[in-house]
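# Chain and residue survey
If you want the building blocks of each chain, they are given just below.
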Amino acid sequence: MPSYLHELLVVLFRNRSGAVADLLSKLDVQLPEYDEVRAESSDLGDVQPAEYRADLVLFLVRGSRKVLGVIVEVQLACNGAKRYAWPAYIANLRARHRCPVCLLVVTIENVVADWAAKSIELGPGTRCNPWVVGPSNTPAVTDLQDAQENVELAVLSAIEHGQNADIPLAVRIASAAIAASADIDAEHSRLYFDLILIALSQNVREALEATMNSLGYEYQSDFARRYFGQGKVEGKVEGRVEIILKQLALRFGLLTEAVQARVRSAQDAQLDAVAERVLTAQTLEEALSPLS
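Residues numbered from 1 in each chain as written. Predicted model: local features only at pLDDT ≥ 70, side-chain atom pairs only at ≥ 80, totals over all residues. Heavy atoms only, no water.

## Regarding unusual backbone geometry
You will see that Asp 28, though not glycine, has its phi angle at about 65°, which is positive. Examined against the element boundaries, Asp 28 turns out to sit in the loop between helix H2 (18-26) and strand S1 (36-40). On the accessibility criterion, Asp 28 (62% relative accessible area) is exposed. Phi is positive for Arg 98, close to 55°, though the residue is something other than glycine. Take Arg 98: its relative accessible area is 75%, and that puts it in the exposed class. (Helix = DSSP H or I, 4+ residues; strand = E, 2+ residues; numbered from the N terminus. Buried < 20%, exposed > 50% of the residue type's maximum accessible area, 1.4 Å probe, protein only.)

## Quick word on the packing of helix H7 (residues 167-181) against helix H8 (residues 186-199)
Packing of H7 against H8 brings their axes to within 9 Å, and their N-to-C directions diverge by 165°. Classified by the angle between their axes, H7 and H8 sit roughly antiparallel to one another. Seen from above, H7 lies across H8 with left-handed handedness. Contacts from Ala 174, Ala 177, Ile 178 and Ser 181 in H7 reach Ser 189, Tyr 192, Phe 193 and Ile 196 in H8. Taken together, the residues of the contact of H7 with H8 sort by class into six nonpolar, two polar and no charged. (Axes fitted to C-alpha atoms, helices over the stretch in contact; angles between N-to-C directions. Parallel < 35°, antiparallel > 145°, perpendicular 65-115°, else oblique. Left-handed = near helix turned anticlockwise from the far one by under 90°. Contact = heavy atoms within 4.5 Å. Nonpolar A, V, L, I, M, F, W, Y, C, P; charged D, E, K, R; others polar.)

## Section: the pairing of strand S4 (residues 101-106)
On a regular strand, one side chain projects to one face of the sheet and the next to the other, so that they alternate. Burial within S4 is extensive, with six of its six residues counted as buried. By the alternation rule, side chains of S4 split into Val 101, Leu 103 and Val 105 and Cys 102, Leu 104 and Val 106, which are all buried. Pairing analysis gives six bridges linking strand S3 (residues 65-74) to S4, with the strands arranged parallel. Looking at S4, one finds that Gly 69 is bridged to Val 101. In this sheet, strand S7 (residues 131-133) lies alongside S4 in parallel orientation, the contact comprising three bridges. Bridge pairing links Val 105 to Val 132 in S7. (Pairing = 2+ DSSP bridges.)

## A short note on H7
In this model H7 runs 21 Å from its N-terminal to its C-terminal C-alpha over 15 residues, within 8% of the 21 Å that 1.5 Å per residue would give. The element H7 is largely enclosed, with a buried count of 11 among its 15 residues. Listed in full, the buried residues belonging to H7 are Leu 169, Ala 170, Val 171, Ile 173, Ala 174, Ser 175, Ala 176, Ala 177, Ile 178, Ala 180 and Ser 181. (Expected span 1.5 Å × (residues − 1).)

## Quick look at the sheet that holds S1
The mixed open sheet is built from five strands, whose spatial order is S1-S2-S3-S4-S7. Strand pairing shows two members of the sheet lacking a second neighbour, S1 and S7, which therefore form its edges. Shown here is a sheet whose adjacent strand axes are inclined to one another by a mean of 30°, direction ignored. Against the sheet, H2 touches S1, strand S2 (56-62), S3, S4 and S7, its axis set at about 90° to S4.

## Let's talk about the pattern of salt bridges
Taken as a whole and assessed by the stated rule, the structure comprises eight salt bridges. In this structure, Arg 16 and Asp 22 form a salt bridge, with 3.3 Å as the shortest nitrogen-oxygen distance. Here Arg 38 makes a salt bridge to Glu 36, at a shortest N to O gap of 2.9 Å. Classification of Glu 36 by relative accessible area gives partly exposed; the value is 35%. Residues joined in a network through salt bridges with shared partners are Glu 33, Asp 35 and Arg 62. (Salt bridge = Lys/Arg side-chain N within 4 Å of Asp/Glu carboxyl O.)

## Some details on the state of the cysteines
This model, assessed by the stated rule, comprises zero disulfides. Not engaged in a disulfide, the cysteine Cys 102 finds its nearest cysteine sulfur in Cys 99; these two sulfurs lie 9.8 Å apart. What makes Cys 102 buried here is its relative accessible area of 8%. (Disulfide = S-S within 2.5 Å.)

## With respect to the nonpolar core
Counting 58 residues, the largest nonpolar core has Leu 9, Phe 13, Val 70 and Leu 104 as its most contacted members. Per element, the largest residue contribution to this core is nine residues, and it comes from H7. In terms of nonpolar packing, the next biggest core, distinct from the first, is built from 21 residues, Tyr 89, Val 105, Trp 115 and Cys 128 among them. (Core = buried A, V, L, I, M, F, W, Y, C linked by side-chain atoms within 4.5 Å.)

## Let's talk about the pairing of S3
Among the 10 residues in S3, eight count as buried, and that is most of the element. Bridge count for S2 against S3 is seven bridges, and the pairing is antiparallel. The residue bridging Leu 56 from the neighbouring strand is Val 72, located in S3. In textbook terms, the turn of a hairpin is the stretch between consecutive antiparallel strands, and for S2 and S3 this stretch comprises two residues, one of which, Gly 63, has a positive phi near 65°. Between the parallel elements S3 and S4, the chain passes through helix H3 (residues 82-97) in a crossover that is right-handed. (Right-handed = clockwise from strand over helix to strand, strands pointing away.)

Below, the structure is given as structure tokens:
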């Protein structure tokens, strides 16, 4: 079952499909001339549609003609089965619409990006080569005007660079994305802000808090206000627990009340350990092992 984080990343591209063309251009993909980017059905199977359904299918359209199909797949973990399904996606869409097709894989971890970028051997002399976007090659959107022109790309940039060791850079990217998100409708603004905040490392969040407070920024999200609050320690502790709970839910799915209680009763050192594990652990129990 797709995780909440997976679904939110798909929403980013569905909200502004042009961001996909922007990303492909950044990867030096030679795009044909087109007038618009159009989303269509992501069902790519004739016999077993449940097994052959992409996250998102877009077409670059020139006049009334489809000049390029783009299959977007959000991949949060390595999955060997996808290396058999992806070529089928491409072949099916190409045959159905009689136009060139490429695959764009979006991930938030470099290890998954390296795995997804490997050429898929179909047989002697026949290969499938996905295009991959991950932390190492996602554009760093730091300029506010650029972020406002493409809010979804700015949010993706903040997510991809949220764990960056270059904290000042990560803060500039997150600040631009947050400021740009404040100019869109309230529902998406709150959604994007929470998504950005969850993706940031603890050090980046703390640096971001200092930056935003110094600018007098007013947080629109209830979640963000609880975390950054009025500077009260209890507010920050509560907010930090909520962030970790959201991170766990985004990575592993719906949390039981028992799991939530374990996290809420944890000590600071235990929370630190869980926060460090949440993005690399393969199972929920592995992420929660410091609470044992």
